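Residues per chain are reported as follows:
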Amino acid sequence: MGNRALPDSVTPLPSLAELRQSFKAGKLALISAFREAPPTQRAAAQLLRQLARHVDAKLQQLWMHADMPAGACLVAVGGYGRAELFPHSDVDVLVLLPDGVEAHTNGPVKTSIEAFITACWDIGLEIGSSVRTLGECLQEAAADVTVQTALLEARLLAGKRTQFMSLEQALMAAMDAKAFLRAKTLEARQRHIKYDDTPYSLEPNCKESPGGLRDLQVLIWIARAAGLGKTWKALADRGLITAFESRQLQRNEGLLKLIRARLHSVAGRREDRLVFDLQNAVAESFGYQASQGHRASEVLMRRYYWAAKAVTQLNQILLLNLEEQVNGSQQQLMRRIDHHFLDRAGMLEVESDDLYLREPHAILRTFLVYQQTPGIKGLSARTLRALYNARELMNSAFRRDPANRATFMQILRQSEGQTHAMRLMNQTSVLGRYLWVFRSIVGQMQHDLFHVYTVDQHILMVLRNVRRFFIPEHAHEYPFCSQLAAQWDKPELLYIAALFHDVAKGRGGDHSDLGAVEVRRFCRDHGLNKEDTELAVFLVQHHLTLSRVAQKEDLSDPDVIQRFTQKMGDARHLTALYLLTVADIRGTSPKVWNAWKSKLLEDLYRISLRALGGAQPNLTADIEARKQEARQALALHSMLPDTEAELWGTLQLSYFARHEANDLAWHARSLWRHVLTDKPIVRARPSPIGEGLQVLVYSPDAQDLFARICGYFDGAGFNILDAKVHTTRKGFALDTFQVLSPDMDLHHRDLVSLVEAKLTQALMAEGPLPEPRRGRLSRRVKSFPFTPRIALRPDERAQHWLLSISTSDRAGLLYAIARVLARHGINLQLAKISTLGERVEDTFLVDGAALQQNKAQLQIESELLDAVSLQL
């Protein structure tokens with residue numbers, strides 16, 4: 001055993017308490033100095049080195065006094081092996097033992113190692129430790145690429161240098177660079193998918209997300225495994241990247257390290273995600289301030305996104321070059337496509353490095369050829385580099401060039417490939433340099449509580465959705481949209497509208513109107529005729545209209561349909577707007593779209609299409625047809641003739657206008673024996689739209705009935721999507737609800753029985769209304785609070801009032817609103833519940849004596865604001 005008797009020159013080890021205090025104080029001093037210093041890349045690099053040296057010193061001090069066997073050594077591995085430590089990063093070490101030394105059975109070696117590791121934790125060094133012999137290291141590295149990667153960056157801290165050098169040499173001798181490349185490439189692909197496969201996530205992980213630090217580390221690991229170099233400069237010296245690219249890599253890596261270091265210091269813990277509740281604090285640590293309607297966090301995130309985008313571009317170039325070097329495919333045979341481009345094993349290759357300098361028109365043609373050439377799956381490293389170096393060529397003259405404008409329109413008019421071409425153009429910065437207006441929204445955040453992508457990524461997502469309408473393989477996703485798209489003659493007009501619908505966001509003012517100006521300019525510059533130009537302008541200017549009317553207004557009201565169809569003008573405009581609206585909503589967030597929204601939009605489209613086709617609104621005829629269809633449905637269920645008569649005789653015209661024949665038949669079938677009941681009747685069934693439950697409540701009317709129903713749904717965790725409220729001539733309430741449950745994985749029969757029993761009990765309970773459930777607010781709502789808005793105004797006929805409420809979503813919200821309405825004797829006729837991610841836009845049709853008095857109106861609005869602002 002070694003180190004049992006310490007030489008006279010070894011300083012006695014201070015107590016663990018003293019070591020703990022000095023370690024904590026030293027680390028705190030370094031982090032504090034960093035926080036006080038200007039936020040520069042040099043300051044971040046210095047902090048990482050100093051923290052690593054600080055930890056080195058403590059580990060070496062403990063190792064020197066540990067009773068380790070002769071030949072053992074202490075090795076830093078993983079990120080710590082790079083001699084860089086972020087404020088709250090892992091400290092991974094390897095205790096490397098000579099072959100033949102047994103550390104896994106009870107004995108002096110195991111005791112010494114356990115004492116060393118315990119001492120590390122006692123002084124505040126929360127190390128991740130492994131204990132292996134040289135042979136075990138090689139064995140585990142061969143079986144697990146994660147272990148192999150960690151050892152690749154090993155650094156000797158203390159102990160026998162010859163033992164460490166033997167490990168290094170043996171690892172490199174056993175290294176299979178091709179297998180390592182394949183494993184790290186697959187690993188990176190999985191990681192990218194896990195982190196949304198985009199650098200533009202609104203809460204990116206600055207280490208693991210695409211374009212983050214891990215992407216850069218992977219490149220160095222592959223280069224080291226292949227013996228090609230350990231630094232960007234070394235890779236530049238070998239010709240794998242240019243000197244300019246080397247400087248760009250260093251600069252963007254430095255910025256990402258600075259952001260991560262600031263994030264750790266602000267959070268006070270290991271936190272690599274730029275989460276909403278930390279973005280502002282990190283931005284302020286950079287000295288950023290809110291200005292001109294932009295938060296300080298937006299300035300920070302814009303800077304992060306641009307760095308991540310540059311890393312993504314440079315990563316593609318270098319990774320392709322490394323693959324060629326490792327796989328020996330530099331001299332691969334190429335097939336000529338035309339006089340400018342070649343097919344290099346499925347990658348589009350420029351015929352010379354200076355192609356774009358000689359022929360700037362070839363820049364946009366790159367993406368046209370990419371679309372048109374079967375078998376091309378991407379751009380080669382040479383092409384990516386040429387595009388990267390040609391960015392300054394894409395100036396105002398380039399954008400005005402008629403040949404380039406014609407090429408861009410060709411790209412939009414191709415039979416396929418628009419989505420991939422536009423994404424590739426955005427990744428290579430070509431799209432923002434050609435469409436200058438697009439450049440201003442690259443990496444722009446959206447704090448509206450329902451978009452989960454930056455503006456540019458949302459736009460490209462909407463373009464993808466529109467494109468899918470025209471692809472037969474995706475017809476199962478949007479059957480009705482695919483049916484309409486099959487009859488559409490100019491898909492490029494929808495693509496243009498998708499590209500421009502949100503392009504003016506962040507400027508202040510109405511982005512729909514500002515975007516309409518931009519798309520008109522684009523159409524004029526690109527030679528579109530007047531008719532096509534006006535359609536594109538219409539789509540951008542009104543891209544929110546169809547959604548607003550469908551989700552907020554009463555579609556059974558002929559006046560609503562008349563006003564909407566007048567705005568549409570004809571079936572062509574209506575169809576185009578419907579397709580764009582579906583694509584837009586589905587491109588905001590996976591949480592926003594549901595079957596109920598789909599039904600509302602399709603209902604408005606079909607009703608409006610009939611009206612635009614010349615069918616005059618005839619409510620009486622429509623209702624009679626609906627009743628006849630309902631009677632046929634009742635007959636199919638073996639119900640006697642006139643089963644429905646008693647119930648229907650008590651209901652107003654508005655009931656029949658707001659319900660489909662299927663609903664009329666179900667209500668009649670459920671209630672024909674209970675028309676004059678003295679107890680509440682509750683019936684539920686799986687929703688005909690295929691999502692959630694449809695719930696029917698029939699009960700003697702009461703002022704707080706709607707509130708009690710909402711209270712039950714709130715307490716049971718149901719999400720109300722829609723509510724229709726009716727009062728019969730005999731004083732009974734007939735209310736229907738479309739709801740979603742968190743327990744939809746239960747068998748529908750069990751859930752139906754549960755709702756029918758529990759809701760009936762809740763309605764029969766006496767006493768005051770229960771307090772609303774205090775649900776937790778999401779981090780996003782806390783970080784970006786949405787100022788509630790209440791609007792109360794008479795409807796067009798001055799018979800009812802329209803109550804509009806916009807606020808952040810939270811549990812119990814609708815119940816809190818219903819309690820206020822019940823308190824003031826307000827009768828609810830219709831509720832349109834629209835949830836947009838974490839924001840709600842609810843509209844209620846109400847009436848009541850209190851609404852006729854100005855003072856009472858103000859009191860109601862004030863109480864509603866208090867109710868929806870609760871917990872914010």
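Residues numbered from 1 in each chain as written. Predicted model: local features only at pLDDT ≥ 70, side-chain atom pairs only at ≥ 80, totals over all residues. Heavy atoms only, no water.

Enquirer: Even after reading the chapter, I still don't get the side chain of Gln-551, so can you show me in this structure?
Expert: In this fold, Gln-551 is placed in helix 26 (residues 545-552). A relative accessible area of 5% means that Gln-551 is categorised as buried. Within the structure, the side chain of Gln-551 is placed 2.7 Å from the side chain of Ser-547, a separation counted as a polar contact. (Helix = DSSP H or I, 4+ residues; strand = E, 2+ residues; numbered from the N terminus. Buried < 20%, exposed > 50% of the residue type's maximum accessible area, 1.4 Å probe, protein only. Polar contact = N/O pair within 3.5 Å; in protein donor to acceptor, adjacent residues only side chain to side chain.)

Enquirer: So what exactly am I meant to see when it comes to the sheet that holds strand 2 (residues 91-97) here?
Expert: Within a beta sheet, neighbouring strands are joined by backbone hydrogen bonds and run either parallel or antiparallel to one another. Overall, mixed pairing links the 4 strands, which are arranged 3-2-1-4 in an open sheet. Each having just a single partner strand, strand 3 (127-133) and strand 4 (155-159) make up the two edges of the open sheet. Ignoring strand direction, the axes of neighbouring strands in this sheet form an average angle of 25 degrees. Sheet analysis places strand 1 (residues 73-76) next to strand 4, joined by 4 bridges and oriented antiparallel. Across the sheet, Val-75 pairs through a bridge with Leu-156, a residue of strand 4. Its contacts with the sheet place helix 2 (residues 41-64) against strand 1, strand 2, strand 3 and strand 4, and it is angled at close to 30 degrees to strand 4. Its contacts with the sheet put helix 4 (residues 134-143) on strand 2 and strand 3, and the angle it makes with strand 3 is roughly 110 degrees. (Pairing = 2+ DSSP bridges. Axes fitted to C-alpha atoms, helices over the stretch in contact; angles between N-to-C directions. Contact = heavy atoms within 4.5 Å.)

Enquirer: Would you mind going over the pairing of strand 10 (residues 693-700) with me for this structure?
Expert: Each regular strand carries side chains that alternate between the two faces of the sheet. A large share of strand 10 lies buried, amounting to 7 of its 8 residues. Of the pairings in the sheet, the one linking strand 9 (residues 681-686) to strand 10 comprises 6 bridges and is antiparallel in character. Note on strand 10: the bridge partner recorded for Arg-683 is Leu-696. Linking strand 9 to strand 10, which pair antiparallel, is a turn of 6 residues; within it Gly-690 sits at a positive phi near 90 degrees. Of the pairings in the sheet, the one linking strand 10 to strand 12 (residues 732-740) comprises 8 bridges and is antiparallel in character.

Enquirer: Even after reading the chapter, I still don't get the packing of helix 37 (residues 813-823) against helix 38 (residues 854-869), so can you show me in this structure?
Expert: Between two packed helices, both the angle of their axes relative to each other and the distance between the axes serve to describe the pair. At a closest axis distance of 9 Å, the pairing of helix 37 and helix 38 adopts a crossing angle of 155 degrees. In terms of orientation, helix 37 lies roughly antiparallel with respect to helix 38. Between helix 37 and helix 38 lies a crossing whose hand is right-handed. Here Leu-813, Ala-816, Ile-817, Val-820 and Arg-823 of helix 37 come into contact with helix 38, specifically with Ile-860, Glu-863, Leu-864, Ala-867 and Val-868. (Parallel < 35°, antiparallel > 145°, perpendicular 65-115°, else oblique. Left-handed = near helix turned anticlockwise from the far one by under 90°.)

Enquirer: Explain helix 21 (residues 455-469) here, please?
Expert: Owing to its 3.6 residues per turn, the α-helix brings residues three or four apart onto one side. Its 15 residues place the ends of helix 21 22 Å apart at the C-alpha level, agreeing with the 21 Å of an ideal helix rising 1.5 Å per residue. Counting buried residues along helix 21, 13 of its 15 residues qualify, which places the element largely inside the surrounding structure. (Expected span 1.5 Å × (residues − 1).)

Enquirer: Explain the side chain of Asn-315 here, please?
Expert: Residue position: Asn-315 is located in helix 12 (residues 296-327). Once residues lying within four places of it in the same chain are set aside, the contact partners of Asn-315 are Asp-215 and Leu-219.

Enquirer: Explanation requested: the nonpolar core in the structure shown.
Expert: In globular proteins that are soluble, nonpolar side chains generally tend to be buried together. In this structure, Leu-59, Tyr-80, Phe-116, Tyr-356, Phe-408, Phe-500 and Tyr-578 are the most contacted members of the largest nonpolar core, which totals 190 residues. The dominant element in this core, judged by the number of residues it contributes, is helix 12, at 15 residues. Those residues in contact with Tyr-80 that sit more than four places away from it in its chain are Ala-52, Val-55, Asp-56, Leu-59, Leu-85, Asp-90, Val-91, Asp-92, Val-93, Arg-155 and Leu-157. Ranked by size, the runner-up nonpolar core spans 53 residues in total, among them Val-739, Leu-813, Tyr-815 and Ile-860. (Core = buried A, V, L, I, M, F, W, Y, C linked by side-chain atoms within 4.5 Å.)

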